[in-house]
Amino acid sequence: MSILAAMVVPHPPIILPEVGQGEEKKIKQTIDAYREVAKRTAEIDPETIVITSPHSILYADYFHISPGKSATGDFGQFRAPQVKINVNYDTDFVNELSNLAASESIYAGTLGERNAALDHGTMIPLRFLEQAGINFNETKVVRIGLSGLSAVEHYKFGQLIAKTAENLNRRVVYVASGDLSHKLKSDGPYGFVEEGPIFDKKVMDYIAKGDFLSMLRMDNNLCKRAAECGLRSFWIMSGALDKKAIEVERLSYEGTFGVGYGIAWIDIKGDDKNRSIGEQLIDANHKALAEIKSKEDSFVKLARLSLETFVKTHKPLSKLPNNLPNEMIERRSGAFVSLHKNDELRGCIGTILPTTNSIAEEIVRNAISACSQDPRFNPVTVDELDDIVYSVDILGEPERIFDTKQLDVKRYGVIVEKDGRRGLLLPDLEGVDTIEQQISIAKRKGNIGPNEKVNLWRFEVIRHH
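Residues numbered from 1 in each chain as written. Predicted model: local features only at pLDDT ≥ 70, side-chain atom pairs only at ≥ 80, totals over all residues. Heavy atoms only, no water.

**Here we look at the layout of surface pockets**
Approximately 370 Å³ is the volume attributed to the second largest pocket. Together, 18 residues line the second largest pocket, and Asp-179, His-182, Tyr-190, Val-259 and Tyr-261 are the ones closest to its centre. (1 Å grid on protein atoms, 1.4 Å probe; cavity = no way out; pocket = protein on both sides within 12 Å on 5 of 7 lines; lining within 4 Å. Points joined across faces, edges and corners; volume = space filled by probe spheres on them.)

Okay, structure coming up:
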């Protein structure tokens, strides 16, 4: 046996009448669809429910699988403590999955348990399943948290879930719990951004078409702006359905309360070796990175050369390359080297004013610092080098200003200073949309209190990708 079916479902507490107190009637389409997928699951009579939840324990670099023999939870935090869920865990499945992950060098397991109680992202799907006739004394559960790892790693972990089901000959239904954008309405709890409905439409379309590759390669900035919840849950589900022939039915979508709720049912119709989406994803990522590398200018190429030399040899460049532009040899300037991996920051170190004899030397030095001395990250390893994307900012002369109206988050970076403490933020950064945000972040970087008055400088940069 293996995974027999999968469902994409949301987890709004308000959907339960004990919590909604009548408000749940406003999302009747979602309730009806939820009952339908729960009924279909009960008809399959699975031995195990595997559920991934954004509200289970989450680590940046590790998939947490809930340990123990059983767990319980209630909706006390939503003023409905009388609604309780009790489940037994499939310990054999958990052990097999953890062992497979270790053998495949996937960071996953039962370590790091912080709160054994079931989370609402898990309990709401289980509540509907229970009402449909699933007996959790007989049907066991595997609860898994998401991670900050890449789409590829989520997909690979999903493949291990499917392999575990096959190894143990389990009848499994996979539940991908996750809301969509939280920013669909200006009067909603999280406000509105235009990326919200765009994200929801794309995800629901991709799921309906079974186009998991496009869902795995969605623009990270769009996803962040949309304030999504469940995408990584859907990524793992995609991996669990690797090389399977599937039939998808989109049952509902609503955004009544300003948060996207989508429900889909996925039937497994056998094997399909052409649906090797994990391999396609890796290939597409390699091609995209190769294209980025082919367009790097001299500034970025030097940063890459400096960093890769240091990571591989533990020594800096012995000499600068030949034929660098005159500007890099003859000019002095502060410079920042930024590293990104899987669309996430991987390191950023720089100098406000020049500390070396040339821009080239500044880049060489700061590239090494970015990969080895940024206190927010572990040092870059050899295995990561092919996945690093670089940018180099060459700073103009800082200009003292006396009014925040002289700032522009797209054009100017900012330096704040108070009693020798100093913080800097580069211009035109994703997610920094206002001067207030820019100054606030710069203060935090300089260990300056939010209400302390500061001296201000602005500067322009030339950004090289």
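On we go.
**Observations regarding the side chain of Ser-56**
Along the chain, the position of Ser-56 falls in the loop between strand S2 (48–53) and strand S3 (63–64). When neighbours within four sequence positions are excluded, Ser-56 is seen to be in contact with Ser-66, Asp-119, Arg-143, Ile-144 and Gly-145. (Helix = DSSP H or I, 4+ residues; strand = E, 2+ residues; numbered from the N terminus. Contact = heavy atoms within 4.5 Å.)

**Structural notes on the sheet that holds strand S15 (residues 413–418)**
Ordered by their spatial adjacency, 4 strands build an open sheet running S14-S17-S15-S16, and the pairing between neighbours is antiparallel. Strands at the two margins of the open sheet, each flanked by one partner only, are strand S14 (399–401) and strand S16 (421–425). Adjacent strand axes in the sheet meet at a mean angle of 25°, parallel and antiparallel pairs treated alike. Here S15 pairs with S16 via 5 bridges, running antiparallel. (Pairing = 2+ DSSP bridges. Axes fitted to C-alpha atoms, helices over the stretch in contact; angles between N-to-C directions.)

**Notes on the state of the cysteines**
Scanning the entire structure with this criterion turns up 0 disulfides. Cysteine Cys-348 shares no disulfide, and the gap to the nearest cysteine sulfur, in Cys-371, comes to 13 Å. Residue class for Cys-348 comes out buried when judged on its relative accessible area of 16%. (Disulfide = S-S within 2.5 Å. Buried < 20%, exposed > 50% of the residue type's maximum accessible area, 1.4 Å probe, protein only.)

**With respect to the pairing of strand S8 (residues 172–177)**
A large share of S8 lies buried, amounting to 6 of its 6 residues. Covered by surrounding structure in S8 are Val-172, Tyr-174 and Ala-176 together with Val-173, Val-175 and Ser-177, the residues of both alternating faces. Here strand S1 (residues 3–9) runs beside S8; their pairing, made up of 6 bridges, is parallel. Pairing of Ala-5 across the sheet is with Val-173, part of S8.

**Quick word on the packing of aromatic side chains**
Under the criterion given, the structure shown has 4 aromatic pairs. Ring geometry for Tyr-34 versus Phe-128: centroids 4.1 Å apart, planes at 5°, classification stacked. Of this pair, Tyr-34 sits in helix H2 (residues 28–44) while Phe-128 sits in helix H4 (residues 120–131), and the two are 94 residues apart along the sequence. Residue Tyr-34 shares its accessibility class with Phe-128, and that shared class is buried. Here Tyr-59 and Tyr-62 contribute two aromatic rings whose centre-to-centre distance is 6.0 Å and whose plane-to-plane angle is 75°, an arrangement assigned as edge-to-face. We note Arg-400 situated over the ring of Trp-457; from NZ or CZ to the ring centre the distance is 5.1 Å. The ring of Tyr-412 is capped by Arg-458, whose NZ or CZ atom sits 4.2 Å from the centre of that ring. (Phe/Tyr/Trp six-rings, centres within 6.5 Å; stacked < 30°, edge-to-face > 60°. Lys NZ or Arg CZ within 6 Å of the ring centre and 35° of its normal.)

**Focus: the pattern of salt bridges**
With the rule as written, the count across this model stands at 34 salt bridges. With its nearest N and O atoms 2.8 Å apart, the salt bridge here joins Asp-433 to Arg-225. Residue Asp-433 is located in the loop between S16 and helix H14 (435–445), and its partner Arg-225 is located in helix H8 (residues 220–226); the two are separated by 208 residues in the primary sequence. On the basis of relative accessible area, Arg-225 is assigned to the partly exposed category, the value being 26%. We note a salt bridge from Glu-452 to Arg-421, for which the minimum N-O separation is 2.9 Å. Taken together, the positions of Glu-452 in the loop between H14 and strand S17 (455–459) and Arg-421 in strand S16 put the pair 31 residues apart, joining distant regions of the chain. Since its relative accessible area comes to 26%, Arg-421 is described here as partly exposed. Among the ionic contacts, a cluster of salt bridges with common partners joins Glu-36, Lys-39, Arg-40, Glu-43 and Glu-249. (Salt bridge = Lys/Arg side-chain N within 4 Å of Asp/Glu carboxyl O.)

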